[in-house]
Number of protein chains: 2
Amino acid sequence: MAQSAEHITPKSHLEILNEALGSGATMQIRRMLNGLPAADAAHLIDSSPPNIRAVLWQLVDSENEGDIIQYLSDEVQAQFLRQMDAEEVAAITEGLEADDVADILQQLPDRVIREVLDSMDHQDRIRVEHILTYDEYSAGGLMNTDTITVRPNITLDVVLRYLRRHEELPAMTDSLLVVNRNDQFIGALPLRKLLVSDPSVTVREIMDTDVEPIPANMSQRDVANLFERHDWVSAPVIDENQTLLGRITIDDVVDVIREESDHSLMSMAGLDEDEDTFASVRSTIPRRAIWLGINLLTAFIASGVINLFEATIEKVVALAVLMPIVASMGGVAGTQTLTVVIRGMAMGQIQRNNSRWLINREMLVGAINGLIWAGIVALAAGLWFQDPVIGGVIAAALVINLVTAGLAGAVLPLVLKSLKIDPALAGGVVLTTVTDVVGFMSFLGLATYFYA
Amino acid sequence: MAQSAEHITPKSHLEILNEALGSGATMQIRRMLNGLPAADAAHLIDSSPPNIRAVLWQLVDSENEGDIIQYLSDEVQAQFLRQMDAEEVAAITEGLEADDVADILQQLPDRVIREVLDSMDHQDRIRVEHILTYDEYSAGGLMNTDTITVRPNITLDVVLRYLRRHEELPAMTDSLLVVNRNDQFIGALPLRKLLVSDPSVTVREIMDTDVEPIPANMSQRDVANLFERHDWVSAPVIDENQTLLGRITIDDVVDVIREESDHSLMSMAGLDEDEDTFASVRSTIPRRAIWLGINLLTAFIASGVINLFEATIEKVVALAVLMPIVASMGGVAGTQTLTVVIRGMAMGQIQRNNSRWLINREMLVGAINGLIWAGIVALAAGLWFQDPVIGGVIAAALVINLVTAGLAGAVLPLVLKSLKIDPALAGGVVLTTVTDVVGFMSFLGLATYFYA
């Protein structure tokens, strides 16, 4: 069980900020924003309503803007960037890592990206342009070009002297990358190994050759899975000719993991994982409206089913009272199955051959739990309306609907995926349509048969 | 938007496994399980139904069991451990890192933990016992004791010679930790800095002193937030006297991040984030049954509300046909709000002072979207039943319910949290009870007024 304890550090900063905002202590806020680590300052801005955000951004010193902007959530970043011209963007992104600059630029319209690139200095521009050629969600889009490379035939002593010529090694450097004459990746030399080895041996003798380099076109989800499973801090990225292009570091992978995990949660409510918690009313309305519209359509389908049995309901009004129970239990059971399957798919655990076992389990669990609760519901409903027939009908409908829910919850994500539709986004809507329709149909249908 | 592309590597292994299982190629499976990295082998076992798991575990060579078991998901790990005696557990966990051994032991009953510890060699036992004294979900429970410490007054040259006396530095060592005579943490010496500095300077001159050490009792969620925000690879852990206890590494933090992210998703469907995707039918039934039971209770409450208006429904059956629309739209809108707020809380973005803005936004968005869809629903319902009154009634009820949904979706998680109830677990149930009750009540209540 995960703890639900609070974030001590961010919360206290956020509290201090909100108190300072309340008392108008502008100087204190300015000191906070410019004194905290950039990521913490960005967190405070992300955690504020739109009007406050604008004020906070004004209080950030211009030399800190670039540092802070890279940590802002995508939507907030885009908002601030939209108010800058190309030269301002070029100025604040100066000194950031190439992959972070590329991430920022991707928030801008193509025309502006071109202008910003033109305002950058030559070498930075080349690096950023290179990363921009890769898909934002691929290994190429995640990588950085700040690798330190060495040749296999030199001794460690030479390596150590070469390193000392650097002002500083790039952050997250846990390995030097070994390349041949053609810049092809041939191995890695972990600092952990370099530091314990005899300086007179050559790189070739101690380098790791079983490191699997990452192809630039691998999806970011696969990259994250590799890092997670192999406990990597950084990993080399290569093109189709084995040429070393750069490296991916764990800090960027952690963001991907967070994003991928949020994706299922947010999509199941029809939301985007980039959704800004404090988005304005104006930008929130249309996004939510679309989802409500889709659900309205499915609700009308369910109503259409009920309408088929108008005559029966007119005769036995108790049916109208009880029918939501059958539909809602199906929805709850189906959502449980759907969630388990969607998470299993996200973890790469489910595949055609083992999905049959899952589908069977879900139907069986649905049937048995259906029978358990059907007994209780039958008793309650029968006593309530003094009518054993209605008890029997609701019990039967409940079992039918829970088995259907198990089947639909397990099969739908697989089917949607094979149709290239995101199961997390579409699964819930389709599922509840199925459980509503089957729930109303079985309950009212059986009732019509017995009361006709 | 996250990609929904497939996991290339794991999937192909899983496919090969399932094909081999189909054709009974036992030798091939044994080679796979013992030849793959332990984490990948564990993934294959996690991704199999219970009966297959037992077969696969038999095929793992005994010298690989410890390596693989540490990567299994908690539930599967516990299953296998339950079948071993204390000596077997002690044998297979030999050579693992102390924090990983502690994690494994925590799956066992106290009596067995004692027995396993007694079977371990002295030094390992001391280390593991030390970690077991901390809460599993605290920094102390996450940390490892494999730190490399140095004193501030020695030169880097001495440090380099000291390091060369090691066979190998522990994995994820990105910094040496600097301690004083009393073993109190006073700074960190990043390898990145050690390697570029003049060997004749002392540790004190170049060590980082602005590193914030982690108190052993900090919650794992806060630890994860610090790592995520500061891009750390490892961080020192101290007790209340500043004494260095060990260090936490990013690989363990990534697991926490994954777990915390899964928590919201799984809890919202009444599931535990440790839930085994391929749990047996027998263990799945009771877990799901409880959740269904809770929801059954809320469904009966909604039925009770409908029952109040039996007479009206008897007169106007169209009400029974349309009433699920009002309830379902409220449920959908409320779930969207709830999800946004729960995610914001998990990210530490929401705090009492800024929650008022969120509540207002959600009610306003609910009102405006309510008005938008109310118009369309009124038209559709009015035309369908040739009755403008029913159109007006459903429109009004829809607006009332969407505003309620916005209010409840935003306020509930805050209230539940202040009552120390997990909002992700209880929020959805309480919310849909509210939107069902208010939906039926407003729709049928207004109808009763106009049709009486």
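Scroll up for the structure.
A brief report on the enclosed structure follows. (Residues numbered from 1 in each chain as written. Chains lettered and ligands numbered in written order. Predicted model: local features only at pLDDT ≥ 70, side-chain atom pairs only at ≥ 80, totals over all residues. Heavy atoms only, no water.)

### With respect to the packing of aromatic side chains
Selection rule: The rule is short: rings of Phe, Tyr and Trp, with Trp giving its six-membered ring, pair when the centres are within 6.5 Å, and they are stacked under 30 degrees, edge-to-face over 60, tilted in between. Counting from the N terminus, the helices are the DSSP runs of H or I reaching at least four residues and the strands are the DSSP runs of E reaching at least two. Three exposure classes are used, based on accessible area relative to the maximum for each residue type with a 1.4 Å probe and protein chains only: buried under 20%, partly exposed in between, and exposed over 50%.
By the definition in use, this model includes 12 aromatic pairs over all chains. Residues A:Phe300 and B:Trp384 carry aromatic rings whose centres are separated by 6.3 Å and whose planes lie at 45° to one another, so their mutual orientation is tilted. Residue A:Phe300 is located in helix H17 (residues 281-308), and its partner B:Trp384 is located in helix H20 (residues 352-384); the two belong to separate chains. Assessed through its relative accessible area of 33%, B:Trp384 is described here as partly exposed.

### A short note on helix H9 (residues 110-119) of chain B
Residue and element names in this part refer to chain B. Applicable threshold: To obtain the arc, one takes the directions from the helix axis to the C-beta atoms. In this description, contact between two residues means that some pair of their heavy atoms is separated by no more than 4.5 Å.
If you check which residues of H9 are buried, you get Val 112, Ile 113, Val 116 and Leu 117. Around the axis of H9, the buried residues are gathered within 140° of arc, so they sit on the same side. In this fold, the buried residues of H9 make contact with helix H7 (86-92), helix H8 (98-105) and helix H10 (122-132).

### Focus: the relation of the copies chain B and chain A
Note the threshold: C-alpha atoms of residues with pLDDT of at least 70 in both copies form the basis for the least-squares superposition of the copies.
Mapping chain B onto chain A leaves a residual RMSD of 0.2 Å; the transformation is a rotation of 180° accompanied by 0.0 Å of translation along its axis. As the rotation angle and translation indicate, the two copies are arranged about a two-fold axis. Of all interface residues in chain B, 99% are interface residues in chain A too; the two copies therefore contact each other through one and the same surface.

### Quick look at unusual backbone geometry
All names here are of chain A. A positive phi angle, close to 50°, is found at Gln 386, a residue other than glycine. Among the structural elements, Gln 386 can be located in the loop between helix H20 (352-384) and helix H21 (388-418). In this structure, Lys 420 takes a positive phi of about 65° despite not being glycine. On the secondary structure map, Lys 420 appears in the loop between H21 and helix H22 (423-451).

### Some words on empty space enclosed by the protein
As a reminder, the rule being used: Grid points spaced at 1 Å and placed over the protein atoms alone form the basis of the search, with a cavity being a set where a 1.4 Å probe fits but cannot get out and a pocket an open set showing protein on both sides within 12 Å along at least five of seven lines. Lining residues have an atom within 4 Å of a point. Grid points are joined across faces, edges and corners, and a volume is the space filled by probe spheres set on the points.
All chains considered together, the criterion is met by eight cavities of 30 Å³ or more. Of the volumes computed, that of the largest cavity is approximately 1200 Å³. Surrounding the largest cavity, 49 residues form its lining, A:Thr335, A:Thr432, B:Gly331, B:Thr335 and B:Thr432 being those nearest its centre. If you list the elements that add at least two residues to the lining of the largest cavity, you get H17, helix H19 (318-346) and H22 of chain A together with helix H16 (250-268), helix H17 (281-308), helix H19 (318-346) and helix H22 (423-451) of chain B.

So yeah, pure geometry; function would need other evidence.
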